[in-house]
Amino acid sequence: MNSTESAEMRSVKKIGVVGAGLIGSGWVSRFSARDIDVLVYDPSSDGEEVLMAHVENAWFALEKLGFDRNRCGDVRFCDDLEEVAGTCDFIQESAPENLELKKKLHEQLDAIAPPDVVIASSSSGLLPSEIQADVSHPGRILIGHPFNPVYILPLVEIVKGGNTLERHANEAANFYLSIGMYPLMVRKEIDGYISDRIQEAVWREALHMVADGVASTQDIDDAIVYGPGLRWAIMGVCLTFHLAGGDQGMKHMLKQFGPALKLPWTHMEAPELTDELIDRMVSGTRTQAGNQSIRDLELLRDNCLIEILEVLSRYRFAAGNTPFKADTLGPS
Ligand SMILES: NC(=O)c1ccc[n+]([C@@H]2O[C@H](COP(=O)([O-])OP(=O)(O)OC[C@H]3O[C@@H](n4cnc5c(N)ncnc54)[C@H](O)[C@@H]3O)[C@@H](O)[C@H]2O)c1
C-alpha cells in the first residue's frame, strides 16, 4: 500500500502493548526505536524480564539499522491493564492466539480506552468480527498482523471486521507507514488472512512429507533455501512464475503447467500431529541447529535480513522500497 485516504488521526505519542512475548516485545522494540513511548502490560510473573531481554536482543539489529539508543522512546512495564488502556494513543494487543482470551481482553480494553483509540490485534488468523463481537466500540478494533522479527520486517496485514470503521483502518495504516512498515489492507475478512494462508499451505505440505518419510526437516529446508526461497524475497510467487513461462510469461506458464493443477501434488488438510511426527520435527530441527542456540540463529537471521533489505533497496524493489532504516524514516 503506497498511500491511504487521508484520515483525521490521533497523534500517537504513547502506545500500549498488551502481551509482551515474542511478538509484543518485537513491537515494543520497533515503537521505541522510532522514539515513541511504550507502556507494556503482561500478566506473566517474569513478563518484564522476558520483555527486557527480547528488547536488548533487538537492539543488535536496530543499531545496525541506524537507530540510536539515546534517542528512543521510554519503555515502561505496568501491571495495571486499566492504566495501559486509559492513557495510550494506540493499543497493540499481542496476547496468546486464543479467541476467548482475546475477546475478553478486547472487552476490557474497549471499556476503558477512549473511543477514538485504535485497538489492533496481532492475531495470526482469527476473524476480527469475532474479536469485536461483544465490545461497545467495535469500529476501532482491527487486525494489525506483523511478522517475526517485528523490529525488522515491514509487512503488517490490516484486516477489518464487519464493524471496523474504514477511517480507523486508514488511521492504523498511516500510523504503521509512519514507523517504516508496509501495511497491506486485506480486502476481505478471511481466516488466516493472506500471508498465513500461503505459509500454512507450505507448512502442511512439509509436515505431510516428514510424516510420510518422504523428506527430513533438512530436506524440506534445502528445497526452499537453495531455490524458491531465494526468489520469494524478490518477486513473491506470482511474478516469479510470470518468468517461468519464457517470453510469453504467465500466459505460457499456465498453458504448460495448468494440467499439473489437477495432479495430486498437494494436500489440503494437515496430517495428524502424532507423537512420531512431533518427534521427527523436533529432533530434525535440533540436528539442523547443531550447537547453535536460538539466539545464535536469531542473530544470523537478523543480520541476513538486514543485508537482503539493503540489496533490495539498491534495486528499489519490493521490501527495499520501505523506510526500514533510521535515516529513511517517515511515511513513504
Ligand atoms: N510467533 C509468531 O511468529 C507470530 C507472528 C505474528 C503474529 N503472532 C501473533 O501474536 C500474538 C502473540 O504471539 P507470540 O508468539 O508473541 O506468543 P507468546 O506466547 O510469545 O506471547 C504471548 C504473551 O501474552 C501474555 N499473556 C497471556 N495472557 C495474557 C492476557 N490475558 N493479557 C495480556 N497478555 C497475556 C503471555 O504472558 C505472553 O508473554 C498471537 O496472537 C499470535 O498469533 C505470532
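Heads up: the structure comes first, above all this text.
The rules we used
Residues numbered from 1 in each chain as written. Predicted model: local features only at pLDDT ≥ 70, side-chain atom pairs only at ≥ 80, totals over all residues. Heavy atoms only, no water. Helix = DSSP H or I, 4+ residues; strand = E, 2+ residues; numbered from the N terminus. Rg over C-alpha atoms; globule rule 2.2 N^0.38 Å. Buried < 20%, exposed > 50% of the residue type's maximum accessible area, 1.4 Å probe, protein only. Contact = heavy atoms within 4.5 Å. Areas by Shrake-Rupley, 256 points an atom, 1.4 Å probe, with all protein chains shown as cover. Lys, Arg positive; Asp, Glu negative; His and termini not counted. Charge placed at Lys NZ, Arg CZ, Asp CG, Glu CD. Salt bridge = Lys/Arg side-chain N within 4 Å of Asp/Glu carboxyl O. Pairing = 2+ DSSP bridges. Axes fitted to C-alpha atoms, helices over the stretch in contact; angles between N-to-C directions. Near = heavy atom within 4 Å. Polar contact = N/O pair within 3.5 Å; in protein donor to acceptor, adjacent residues only side chain to side chain. Nonpolar A, V, L, I, M, F, W, Y, C, P; charged D, E, K, R; others polar. 1 Å grid on protein atoms, 1.4 Å probe; cavity = no way out; pocket = protein on both sides within 12 Å on 5 of 7 lines; lining within 4 Å. Points joined across faces, edges and corners; volume = space filled by probe spheres on them. Expected span 1.5 Å × (residues − 1). Patch = residues over 30% accessible without salt bridge, like charges linked within 9 Å, V, L, I, M, F, W, Y side chains within 5 Å. Parallel < 35°, antiparallel > 145°, perpendicular 65-115°, else oblique. Left-handed = near helix turned anticlockwise from the far one by under 90°.

## Some words on the overall build of the protein
Argument step 1. What the protein contains, in helices and strands, is 13 helices and 8 strands.
Argument step 2. Relative to the compact-globule value of 20 Å for 332 residues, the protein shows a C-alpha radius of gyration of 21 Å, a close match.
Argument step 3. Projected onto its principal axes, the C-alpha coordinates of the protein cover approximately 55 × 45 × 40 Å.
Argument step 4. Burial statistics for the protein: of 332 residues in total, 42% are counted as buried.
Argument step 5. Counting contacts in the protein only where the partners sit at least 6 residues apart, residues at least 24 apart contribute 71% of the total.
Argument step 6. Surface exposure of the protein reaches about 18,000 Å², of which carbon and sulfur atoms provide 55%.
Argument step 7. Averaging the positions of the 30 positive and the 49 negative side-chain charges in the protein gives two centres separated by 7 Å.

## Here we look at the pattern of salt bridges
Argument step 1. Scanning the entire structure with this criterion turns up 13 salt bridges.
Argument step 2. Of the charged contacts, one joins Lys 103 and Asp 134 as a salt bridge, the two residues approaching to 3.3 Å between their closest N and O atoms. Here Lys 103 is found in helix H4 (residues 99-112), whereas its partner Asp 134 is found in the loop between helix H5 (128-131) and strand S6 (141-145), with 31 residues between them in sequence.
Argument step 3. Overall, Lys 103 belongs to the buried group, its relative accessible area being 16%.
Argument step 4. Relative accessible area serves as the criterion here: at 47%, Asp 134 is assigned to the partly exposed category.
Argument step 5. Ionic contacts of the salt-bridge type, sharing partners, join the residues Arg 10, Asp 89 and Asp 116 into one network.

## A closer look at the sheet that holds strand S3 (residues 75-77)
Paired through their backbone hydrogen bonds, the strands of a sheet run either parallel or antiparallel.
Argument step 1. Across the sheet, which stays open at both edges, the 8 strands sit in the order S3-S2-S1-S4-S5-S6-S7-S8 with mixed pairing between neighbours. Unpaired on one side and paired on the other, S3 and strand S8 (182-185) mark the two borders of the sheet. In this sheet, adjacent strand axes meet at a mean angle of 25° when their direction is disregarded.
Argument step 2. Strand direction decides the pairing type here: strand S4 (residues 90-93) and strand S5 (residues 118-121), joined by 4 bridges, are parallel. Residue pairing for S5: Glu 93 is matched across the bridge by Ser 121.
Argument step 3. Along the sheet, helix H6 (residues 166-178) makes contact with strand S1 (14-18), S4, S5, S6, strand S7 (155-160) and S8, crossing S7 at roughly 175°.

## Considerations on the site of the ligand
Argument step 1. Around the ligand, 22 residues are found, and the nearest of them are Ile 23, Asp 42, Glu 97, Lys 102 and Ser 124.
Argument step 2. With respect to the ligand, the backbone of Leu 22 contributes an N or O atom lying 3.0 Å from an oxygen atom.
Argument step 3. Ala 95 is positioned with one of its backbone polar atoms (N or O) 3.2 Å from an oxygen atom of the ligand.
Argument step 4. For the ligand, whose unbound accessible area comes to 840 Å², protein coverage reaches 72%.
Argument step 5. Of all the secondary structure elements, the ones that give two or more residues to the shell around the ligand are helix H1 (22-33) and H4.
Argument step 6. Counted by class, the shell around the ligand contains 10 nonpolar, 9 polar and 3 charged residues.

## Topic: the layout of surface pockets
Argument step 1. Here the second largest pocket is characterised by a volume of approximately 210 Å³.
Argument step 2. Tyr 41, Pro 43, Ala 95, Leu 101 and Leu 105 are, among the 13 residues lining the second largest pocket, the residues nearest its centre.
Argument step 3. Counting residues per element, the lining of the second largest pocket draws most heavily on H4, which supplies 4 residues.
Argument step 4. Taken together, the residues that form the lining of the second largest pocket break down as 8 nonpolar, 3 polar and 2 charged.

## Observations concerning H1
Argument step 1. The end-to-end C-alpha separation of H1 is 17 Å, in line with the 16 Å expected for 12 residues at 1.5 Å each.
Argument step 2. For H1, a buried count of 10 out of 12 residues is recorded, marking the element as mostly surrounded by other parts of the structure.
Argument step 3. All of the buried residues in H1 are Gly 24, Ser 25, Gly 26, Trp 27, Val 28, Ser 29, Arg 30, Phe 31, Ser 32 and Ala 33.
Argument step 4. Phi for Asp 35, located one or two positions after H1, is positive at around 65°.

## Considering the environment of Val 237
Argument step 1. With respect to the helices and strands, the residue Val 237 is situated in the loop between helix H9 (228-235) and helix H10 (238-242).
Argument step 2. A C-alpha to C-alpha distance of 9.9 Å links Val 237 and Ile 198, two positions 39 residues apart in sequence.

## Remarks on a nonpolar patch on the surface
Argument step 1. Side chains of Ile 234, Leu 239, Val 311, Tyr 315 and Phe 317 sit close together on the surface and give an oily, nonpolar patch of about 470 Å² of accessible area.
Argument step 2. Assignment of secondary structure puts Leu 239 in helix H10.

## Notes on the packing of helix H8 (residues 217-225) against helix H12 (residues 275-289)
Argument step 1. Packing of H8 against H12 brings their axes to within 8 Å, and their N-to-C directions diverge by 65°. On the side of H8, the interface is formed by Thr 217, Gln 218 and Asp 221, while H12 contributes Arg 280, Met 281, Gly 284, Thr 285 and Gln 288.
Argument step 2. Here the contact of H8 with H12 is composed, by residue class, of 1 nonpolar, 5 polar and 2 charged.

## A short note on the packing of helix H2 (residues 47-64) against helix H13 (residues 294-314)
Argument step 1. It is the contact of H2 with H13, at a shortest axis distance of 10 Å, that shows an interaxial angle of 20°. Between H2 and H13, the angle is such that the two are roughly parallel. In this structure, H2 crosses over H13, and the sense of that crossing is right-handed. Of H13, the residues touching H2 (which contributes Asn 57, Phe 60, Ala 61 and Lys 64) are Arg 295, Glu 298, Leu 299, Asp 302, Asn 303 and Ile 306.

That is the geometry; function is a separate question.
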